[in-house]
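A structural walkthrough
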Amino acid sequence: MSDLLEVLRISTLCRDEVSPHGLPFPLFFFFFLKQHKQWEEVDRKPNFVLMMVDDLGIGDVGCYGNNTIRTPNIDRLASEGVKLTQHIAAAPLCTPSRAAFMTGRYALRSGMGSVGRVQVLLFLGGSGGLPTSEITFAKRLQQQGYTTGLVGKWHLGVNCEHRGDHCHHPNQHGFSYFYGLPFTLFNDCLPGHGSDILADLQHTLQNLLSILGVGLFTLVCVRVCGLLDVSLWLLVALFCLSILATAVWYVPFKLLPTWNCIIMRNQDVIEQPMTVETLPQRLLGEAQNFIKRNVDRPFLLFFSLAHVHTPLFKTPAFAGKSRHGCYGDNIEEVDWIIGKVTETVDSLGLANNTLMYFTSDHGGHLEDANSVMGQTGGWNSIYKGGKAMGGWEGGIRVPGIFRWPGRLAAGREVDEPTSLMDLYPTLKYLAKDTQPDRHLDGYNLMPLLEGKVERSDHEFMFHYCGIYLNAVRWHPPGSDSIFKVHFFTPNFSPPGAGGCYDTKVCLCHGAHVTHHHPPLLYDIFHDPSESRPLTPDTEPRYAEILEQTAKAVERHQSTLTNKQVSDNKILWRPWLQPCCGTFPFCGCKEDTLHV
């Protein structure tokens, strides 16, 4: 700036003079300004716009093979950038997958894996969440001078010990601005769509309460009619027990829309419960405004869409427009939203200095369907399995698109194993962050994206179901084959089905899985649908593959510590519940007149 002012002063004094370069000073000043602007553009760090859809199947997008749903804007990103064909989520469920994405490390390292039936955070009023000791890519970039924002879904916890400590909140994990859902969008948020939270437990509690109520009423009638001498104290005790049982069932579960379906701006609850119908427009508006506010400085925007997790949206502009029902309508709305974000970046002249990324947190939910709307979950193309199905490819293979005009060649495809965890080291590299870090499981993608190398750094990848190591992928050096070893697989129900339709999500433990001795082995390069298990007769390297995989597992497990999300941290605790009023009278509405 001092150099610029000095040239301006000289130019004013010497407007009729000639510069040492033989140019009149006003013309020399023009060329200096142009060169100064170019210097600024070269020196400025790149912007990042990361867009993640919730529960999107890889087969839902046109550029990945769908010819029944229109996704021209996503397809345009792919045609103008690099498309990854083997992009892998670190887990097939929201909470562990997002924890790994944020930290560049398997969820087990941050204690975000779990045992038993509960594999994700269920209540905003629980104490579980991404530990304060963990470091996210947002925190690293914030330390490098970036303005960082998260718009949309978080689902990695809020409070630890008391309401308002916000120890797990996005603001505490490197995001200087947050607007969106600290939990997620789920069926309880809309009346008439059923419940996603421990539905069988709710049903059991309701039945027990009914039995208790009928029993109490019967004993009161028997006493009043004089048929039996029933102690008054017994009736009082049963009445108190009924009140307590009602509270245990009704307060946490029947009021879930108030407890979980909320919107926050930074650390303030601004809507409780949220109005689902206007959510897409509000999230898009916030994402666009964040980009516009930070046009003159390096920024990171993580736009974490509420689509396409159920309940599905019924936005009038898209309702009934697709050939794939309400789910297809939602995909086409997602595509429109991605197009508007891309348009915002391009219209502000930021395209050549902005890395845009599109993905999903994991595969589509095959079991999500109902008799009214039909299939409400995604399509995972030719790949077996889906959301919550451990290491089956359909639950972890996701879209991966990078666009950066002038830096990344348009129209390239990379058919090498890559991971959502690779974003952390990639962003660090591009932000010129050279500070030491802890153990990472992701790798810098830029050499692969730019075509400087042909092989991925992921020789081995480990696939978890909860805290249990479910499968291992091996890409041997010098070979096109990609072998995957399954140590156990979830038991589909009913028998012969392609998912766990009886329980709605597959579980990872006990009688819910089948262990394989020896493990199941597939070559997913030649058999991507995992339909033809290899044997010693069909695969000459069979013994070597199992041996190399076992050694890799031993090396990997030596780097782990035994941490997990306990059921105790998942349970609802009233004193941790975010509230925009005086608890338990929580309720407020955001002014949406501008939407």
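On a predicted model such as this, the values are computed, not experimentally measured, just so you know.

1. Observations concerning the overall build of the protein chain
The number of helices and strands found in the protein chain is 15 helices and 17 strands. For a compact globule of 595 residues, the expected C-alpha radius of gyration is about 25 Å, and the protein chain comes in at 27 Å, within 12% of that figure. Going through the 595 residues of the protein chain one by one, you find that 55% of them count as buried. Within the structure as shown, the protein chain displays about 25300 Å² of accessible surface, and the carbon and sulfur contribution to it stands at 58%. In the protein chain, 50 positive and 58 negative side-chain charges are present, and the distance between their average locations comes to 3 Å.

2. Observations concerning the environment of F183
Examined against the element boundaries, F183 turns out to sit in the loop between β4 (177-181) and α6 (199-224). Along the chain, F183 and W154 lie 29 residues apart, while their C-alpha atoms are 6.0 Å from each other. With residues near it in sequence (within four places) discarded, F183 still touches L121, L122, F123, L124, K153, W154, H155, I197 and N260.

3. Side note on the domain arrangement of the protein chain
When the domains of the protein chain are assigned, the result is domain 1 (47-186 + 261-576) and domain 2 (199-253). Centre-to-centre, using C-alpha coordinates, domain 1 lies 45 Å away from domain 2.

4. A few points about the environment of I58
Following the sequence through the fold, I58 ends up in the loop between β1 (47-53) and α3 (72-79). You can call I58 buried: its relative accessible area is 3%. The sequence separation of I58 and G364 amounts to 306 residues, and the corresponding C-alpha distance is 7.7 Å. Setting aside residues up to four positions removed in sequence, I58 forms contacts with Y64, W379, N380, S381, Y383, R397, V398 and P399.

5. A look at unusual backbone geometry
Note: most peptide bonds trans; most residues except glycine with negative phi. With omega at -5°, the peptide bond leading from H307 into V308 counts as cis. Secondary-structure assignment places V308 in the loop between β7 (299-304) and α10 (325-347). With omega at 5°, the peptide bond leading from F583 into P584 counts as cis. You can see P584 is positioned in the segment after α15 (567-570). One non-glycine residue, K504, adopts positive backbone phi at about 75°. As for its position among the elements, K504 is in the loop between β16 (483-490) and β17 (513-523).

6. Some words on the sheet that holds strand β14 (residues 460-465)
Strand pairing within a sheet occurs via backbone hydrogen bonds; the two strands may be parallel or antiparallel. Spatially, the four strands line up as an open sheet ordered β14-β15-β16-β17, and their pairing is antiparallel. Of all the strands in the sheet, the pair left with one neighbour each is β14 and β17. Shown here is a sheet whose adjacent strand axes are inclined to one another by a mean of 20°, direction ignored. Note: β14 against strand β15 (residues 468-474), six bridges, orientation antiparallel. Bridge pairing in β15 links F462 to V472. The strands touched by helix α14 (residues 542-557) within the sheet are β14, β15, β16 and β17, with β14 carrying the most contacts at an inclination of about 70°.

7. As for the pattern of salt bridges
What the rule picks out here adds up to 31 salt bridges. A salt bridge links E413 to K83, with the shortest nitrogen-to-oxygen separation between them at 3.2 Å. With E413 in strand β12 (residues 412-414) and K83 in strand β2 (residues 82-88), the pair connects residues that are 330 residues apart, well separated along the chain. For K83, a relative accessible area of 10% gives the class buried. The residue E450 makes a salt bridge to R407 at a minimum N-O spacing of 2.5 Å. Within this pair, whereas E450 is found in the loop between α13 (446-449) and β14, its partner R407 is found in the loop between β11 (397-403) and β12, the two being separated by 43 residues in sequence.

8. Let's talk about α10
When the terminal C-alpha atoms of α10 are compared, their 33 Å separation across 23 residues agrees well with the 33 Å that a helix rising 1.5 Å per residue should span. In terms of burial, α10 is largely enclosed, as 17 of its 23 residues are buried. Phi for G349, located one or two positions after α10, is positive at around 75°.

9. Topic: the nonpolar core
Residues L50, F101, F137 and F303 are the most contacted members of the largest nonpolar core, which totals 115 residues. Considering each element in turn, this core owes the most residues, eight residues, to α10. Those residues within four positions of F303 in sequence are excluded, and the remaining contacts are L50, M51, M52, V151, L283, L284, A287, I337 and V341. Membership of the second largest hydrophobic core comes to 24 residues, among which are M461, W474, L534 and L560.

Cut-offs used in this document
Residues numbered from 1 in each chain as written. Predicted model: local features only at pLDDT ≥ 70, side-chain atom pairs only at ≥ 80, totals over all residues. Heavy atoms only, no water. Helix = DSSP H or I, 4+ residues; strand = E, 2+ residues; numbered from the N terminus. Rg over C-alpha atoms; globule rule 2.2 N^0.38 Å. Buried < 20%, exposed > 50% of the residue type's maximum accessible area, 1.4 Å probe, protein only. Areas by Shrake-Rupley, 256 points an atom, 1.4 Å probe, with all protein chains shown as cover. Lys, Arg positive; Asp, Glu negative; His and termini not counted. Charge placed at Lys NZ, Arg CZ, Asp CG, Glu CD. Contact = heavy atoms within 4.5 Å. Domains from an automatic or database assignment. Pairing = 2+ DSSP bridges. Axes fitted to C-alpha atoms, helices over the stretch in contact; angles between N-to-C directions. Salt bridge = Lys/Arg side-chain N within 4 Å of Asp/Glu carboxyl O. Expected span 1.5 Å × (residues − 1). Core = buried A, V, L, I, M, F, W, Y, C linked by side-chain atoms within 4.5 Å.

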